[in-house]
Amino acid sequence: MKVADTGIALREILKNAPRPVVLVPTMGAFHAGHISLMHRAREIAGSHGTVVTSIFVNPIQFDRPADLANYPQPLTSDLATCEAAGVDVAFTPSATSMYFPDRSVTVTESLLSSGLCGATRAGHFDGVCTVVLKLFLLSGCDTAIFGEKDFQQLAIIRRMVRDLDAPVEIVSCATVRETDGLAMSSRNARLTPAQRADAPRIREALLESSTLETLEEILTAARSAIEASPLTRIDYLSLVDAETLQPTHSLDRPAILATAVFYDDVRLIDHVIIHRPLTHPTDA
Ligand code: PAF
């Protein structure tokens, strides 16, 4: 496995790399979810193509300085994980090599990012779009792989690719969960044992309430199930249209029940998709 720590070095390594070039953009601190993305990348690239994993804790997508400062960065073990997962090139740039101090161009998505994490994390998706476009341009990738846990991020990146004609195919992979249902996240490692034991309630609350009849019942039940724990604070809990990500007023179309929950300063997200088949009156 080759390691590039600047964009120039990455371009040099990938200049004549066998195609397809498949990129897995990450912020490191790998768990089984990341490894599933790397395995999918290897499948798509085949034995001849090139798998690139970027490991970059992108400062411009963090809205809270403490979240950035506490983000785990176990680079040595991450590189070993990449190697074991069959990655050909790891890209590990520093923030100073990625961003000019006077940078003045940002990629902004203005519709899908208006609610959910976009509403409570100012500038987050501008930071994500900007770095992801830079990673596409630096790697010249044909395909890029993202996890479905960050469904809003995935939708926004697909929109960016569509609206800016980026020649990159976006592939998504299912959320990987712990055996108790908690969605894997690099932030889970920062939970105390009591918080970790409590955290599966997020998923349970979403799943159980999602079977209820009306929007109001779903939101009320999910809120009270999450808030039943004294350890949690809800950042948001929303029911949105699965396509537009705007608040929905009907379950006739696929919807997403999504939440972000704080345990102290550790913020976790999860969601469920609600897809009700339309019921037709049976013929008499
Ligand atoms: O999902 C992530 O880990 C990050 O948001 C990404 C896509 C690597 C951009 O920094």
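Computed from a predicted model, the values in this text were never measured in an experiment.

1. Focus on the overall build of the protein chain
- Counting its regular elements, the protein chain contains eleven helices and nine strands.
- Relative to its length of 284 residues, the protein chain is compact, with a C-alpha radius of gyration of 20 Å against a globular reference of 19 Å.
- In terms of principal-axis extent, the alpha carbons of the protein chain reach across some 65 × 50 × 40 Å.
- Residues counted as buried form 49% of the 284 residues belonging to the protein chain.
- Considering only contacts within the protein chain whose residues lie at least 6 apart along the sequence, 72% involve residues at least 24 apart.
- If you sum the accessible surface of the protein chain, you get close to 13800 Å²; carbon and sulfur atoms cover 55% of it.
- For the protein chain, the distance from the average site of its 25 positive side-chain charges to the average site of its 34 negative ones is 5 Å.

2. Some points on the packing of aromatic side chains
- Per the counting criterion, the structure on display carries two aromatic pairs.
- Between the aromatic rings of phenylalanine 56 and tyrosine 99, the centroid separation amounts to 6.2 Å while the plane-to-plane angle is 45°, which identifies the pairing as tilted. Of this pair, phenylalanine 56 sits in the loop between strand E3 (50-55) and helix H3 (65-70) while tyrosine 99 sits in the loop between helix H5 (95-98) and helix H6 (116-120); the two residues are 43 residues apart in sequence, bridging distant segments of the chain. Each member of the pair, phenylalanine 56 together with tyrosine 99, is buried.
- Between the NZ or CZ atom of arginine 103 and the centre of the ring of tyrosine 99, over which it lies, the distance is 5.2 Å.

3. Comments concerning the nonpolar core
- The biggest cluster of nonpolar side chains holds 44 residues, and the ones touching the most others in it are Leu10, Met98, Val132, Phe136, Ala144, Phe146 and Ile170.
- For this core, the leading source of residues is helix H7 (residues 124-139), giving nine residues.
- Counting 22 residues, the second-largest nonpolar core is a separate cluster that includes Ile218, Leu237, Val261 and Tyr263.

4. What to know about the sheet that holds strand E9 (residues 266-274)
- Spatially, E7-E8-E9 is the arrangement adopted by the three strands of the open sheet, whose pairing is antiparallel. The open sheet has two edge strands, strand E7 (232-241) and E9, and neither has a second partner. The mean inter-strand angle of the sheet, taken between neighbouring strand axes irrespective of direction, is 15°.
- Here strand E8 (residues 255-263) pairs with E9 via nine bridges, running antiparallel. Directly across from phenylalanine 262, in E9, lies its bridge partner arginine 267.
- Against the sheet, helix H10 (residues 200-209) touches E7, E8 and E9, its axis set at about 25° to E9.

5. Digging into the site of the ligand
- Within the structure, the ligand sits among Pro25, Thr26, Met27, Asn58, Gln61, Val131, Val132, Phe146, Asp150 and Gln153.
- Between the ligand and glutamine 61, the relevant distance is 2.6 Å, taken from an oxygen atom to a side-chain nitrogen or oxygen of the residue.
- Between the ligand and glutamine 153, the relevant distance is 2.7 Å, taken from an oxygen atom to a side-chain nitrogen or oxygen of the residue.
- In this structure the site holding the ligand corresponds to the largest cavity.
- Elements that contribute at least two residues to the shell around the ligand include exactly strand E2 (21-26) and H7.
- Residues that form the shell around the ligand fall into these classes: five nonpolar, four polar and one charged.

6. A closer look at the sheet that holds strand E1 (residues 2-4)
- The strand order across the open sheet formed by six strands is E1-E4-E3-E2-E5-E6, and the pairing between neighbours is parallel. The two strands at the open ends of the sheet, each matched to only one other strand, are E1 and strand E6 (169-173). Adjacent strand axes in the sheet meet at a mean angle of 25°, parallel and antiparallel pairs treated alike.
- Against the sheet, H7 engages E2, E3, strand E4 (89-91), strand E5 (143-147) and E6, with an angle of about 150° to E2.

Calculation rules
Residues numbered from 1 in each chain as written. Predicted model: local features only at pLDDT ≥ 70, side-chain atom pairs only at ≥ 80, totals over all residues. Heavy atoms only, no water. Helix = DSSP H or I, 4+ residues; strand = E, 2+ residues; numbered from the N terminus. Rg over C-alpha atoms; globule rule 2.2 N^0.38 Å. Buried < 20%, exposed > 50% of the residue type's maximum accessible area, 1.4 Å probe, protein only. Contact = heavy atoms within 4.5 Å. Areas by Shrake-Rupley, 256 points an atom, 1.4 Å probe, with all protein chains shown as cover. Lys, Arg positive; Asp, Glu negative; His and termini not counted. Charge placed at Lys NZ, Arg CZ, Asp CG, Glu CD. Phe/Tyr/Trp six-rings, centres within 6.5 Å; stacked < 30°, edge-to-face > 60°. Lys NZ or Arg CZ within 6 Å of the ring centre and 35° of its normal. Core = buried A, V, L, I, M, F, W, Y, C linked by side-chain atoms within 4.5 Å. Pairing = 2+ DSSP bridges. Axes fitted to C-alpha atoms, helices over the stretch in contact; angles between N-to-C directions. Near = heavy atom within 4 Å. Polar contact = N/O pair within 3.5 Å; in protein donor to acceptor, adjacent residues only side chain to side chain. 1 Å grid on protein atoms, 1.4 Å probe; cavity = no way out; pocket = protein on both sides within 12 Å on 5 of 7 lines; lining within 4 Å. Sits in = over half its atoms within 2 Å of the grid points. Nonpolar A, V, L, I, M, F, W, Y, C, P; charged D, E, K, R; others polar.

The quantities given are spatial measurements derived from coordinates; they are silent on function.
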